[in-house]
Amino acid sequence: MYFKTIYINYKQKQYEEVFLVSALWLTCAVASAQQALWGGSPVVSPEIHDNHTVTFRLKAPNARSVQVTGDFLPTQKIETPFGEFDGPGVADLVQKDGVWEFTTPHPLEPELYSYTFLVDGLKINDPGNVYMIRDVASVTNVFLIGGGRADLYKVNKVPHGTLAKVWYNSPALGMDRRLTVYTPAGYESGDTRYPVFYLLHGMGGDENAWSELGRTAQILDNLIAQGKDRPMIVVMTNGNAALEAAPGESSLGYAPPNMQLPKTMEGSFETAFPEIVSFIDTTYRTIPDKQSRAIAGLSMGGFHSMHISKEYPDMFGYVGLFSAAIMPDPNTTSPVYQDIERKLKVQFDQKPALYWIAIGKTDFLYQANTDYRKLLDEKGYPYEYYETDEGHIWKNWRIYLMEFAPKLF
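Procedures and definitions
- Residues numbered from 1 in each chain as written.
- Predicted model: local features only at pLDDT ≥ 70, side-chain atom pairs only at ≥ 80, totals over all residues.
- Heavy atoms only, no water.
- Buried < 20%, exposed > 50% of the residue type's maximum accessible area, 1.4 Å probe, protein only.
- Helix = DSSP H or I, 4+ residues; strand = E, 2+ residues; numbered from the N terminus.
- Arc of directions from axis to C-beta.
- Contact = heavy atoms within 4.5 Å.
- Pairing = 2+ DSSP bridges.
- Axes fitted to C-alpha atoms, helices over the stretch in contact; angles between N-to-C directions.
- Phe/Tyr/Trp six-rings, centres within 6.5 Å; stacked < 30°, edge-to-face > 60°.
- Lys NZ or Arg CZ within 6 Å of the ring centre and 35° of its normal.

A. Representation of helix H7 (residues 340–349) within the structure. Considered for burial, the residues of H7 that qualify are Ile340, Lys343, Leu344, Gln347 and Phe348. Viewed end-on, H7 has its buried residues packed into an arc of 130°, placing them on one side of the element. Those residues of H7 that are buried lie in contact with helix H6 (300–311), strand E18 (318–322), strand E19 (354–360) and helix H8 (366–379). In the stretch just after H7, Lys351 is the one whose phi turns positive, near 55°.

B. Quick look at the sheet that holds strand E16 (residues 233–236). Strand order across the open sheet formed by 8 strands is E13-E14-E16-E15-E17-E18-E19-E20, with mixed pairing between neighbours. A single partner strand is all that each edge strand has here, and the edge strands are strand E13 (162–170) and strand E20 (384–388). Put simply, the sheet's adjacent strands are angled 20° from each other on average, direction ignored. Sheet topology note: the strand E15 (residues 196–200)/E16 ladder contains 4 bridges and is parallel. Across the sheet, residue Leu199 finds its bridge partner in E16, namely Met236. Packing of H8 onto the sheet brings it into contact with E18, E19 and E20, and relative to E19 it is tilted by some 150°. Sitting on the sheet, helix H9 (residues 394–404) touches E15, strand E17 (293–298), E18, E19 and E20, and the angle it makes with E19 is about 155°.

C. Geometry of the packing of aromatic side chains. The tally for this structure, following the rule as stated, stands at 30 aromatic pairs. Between Tyr198 and Phe273, the aromatic rings sit 5.6 Å apart at their centres with planes inclined by 70°, giving edge-to-face as the arrangement. Linking Tyr198 in strand E15 with Phe273 in helix H5 (residues 268–283), this pair joins segments that are 75 residues apart in sequence. The same class applies to Tyr198 and to Phe273, which are both buried. An aromatic cluster is defined as three or more aromatic residues linked by ring pairs; in this entry it consists of Phe197, Trp210, Phe322, Trp356, Tyr386, Trp394, Trp397, Tyr400 and Phe404. Above the ring of Tyr187, the side-chain terminus of Arg285 is found at 4.1 Å from the ring centroid.

Have a look at this one:
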């Protein structure tokens, strides 16, 4: 989940219909115009220099202003219907001979970055960059600065696991539903049994989020090859209990992505979760016991991980809360959220192998996590805590995955 994404859609609501209908046409038209005007040579954007500064370019001779907005720029405070959050920074491009250009003033640290252009206030993708990614209802361009942690996001010369889109039946939710399942290199040709890590997304996300935005397969491939992770199966669920699968990949067709879904954080997903565990244990070569199962998630997925693990204390030996929402809406009446402290006592009396909490210093859920840690401290429940800079962003969640996974099993 990414609340600054909500804000962008909310504040630019007047542009949404135009953008959704015409973005592809506009991108193709601008790209074609570039090729025609430049003799078949498109404008190079982004251009990553040897010193890790990056230049962005857009040929738009009739534009009055062009800006780039991205997570590599200093954040700005944004007022949203949900409160004040850190939003993406904005920088102005300068025009010369019809080409607008901006170069980052400082080298960028190794990381996977996202950005878009604002042309006279209209958000468009960079026609010079075919690499784009969807986060809920926002589509942004991406680029990678290699080195350090970011090398784990790359496809390196190591044995590769397999990502599969798998359907299972959920009687509790009354539909067939889809999962993304990572199996480690060698799974298909062997007979080894593996531990299972259940990895959950945030509000508005889906079963594609962790594999696409989170680079899960690349991270696991590289950590396993380095001997830092035990080979494992990773199950990336769809936590939207009212949906079959990701937007555009279910019987709803090309319905617009929507964060305000029914059955969100009201107990349905937690109640039905044992069906997923049962399906995985009967379909894959798993080690079907508590000490060989982990669950973790970001934001809403952290909320789900907390409540599922306490609801089924015999199911998971490892629990990770990444920038987690903690307590339910007080108007929610599901039994899942009743007697929380008693259920936590049962869970911690059984001594989970690892209870891991991570959050960024400027995350809007920082105080909720501080309060939860205070409760755990008062009860004497052991946990590990990991704190980073910045806020509710995929950069942090990828870092948390890289830190948490080597601690498993």
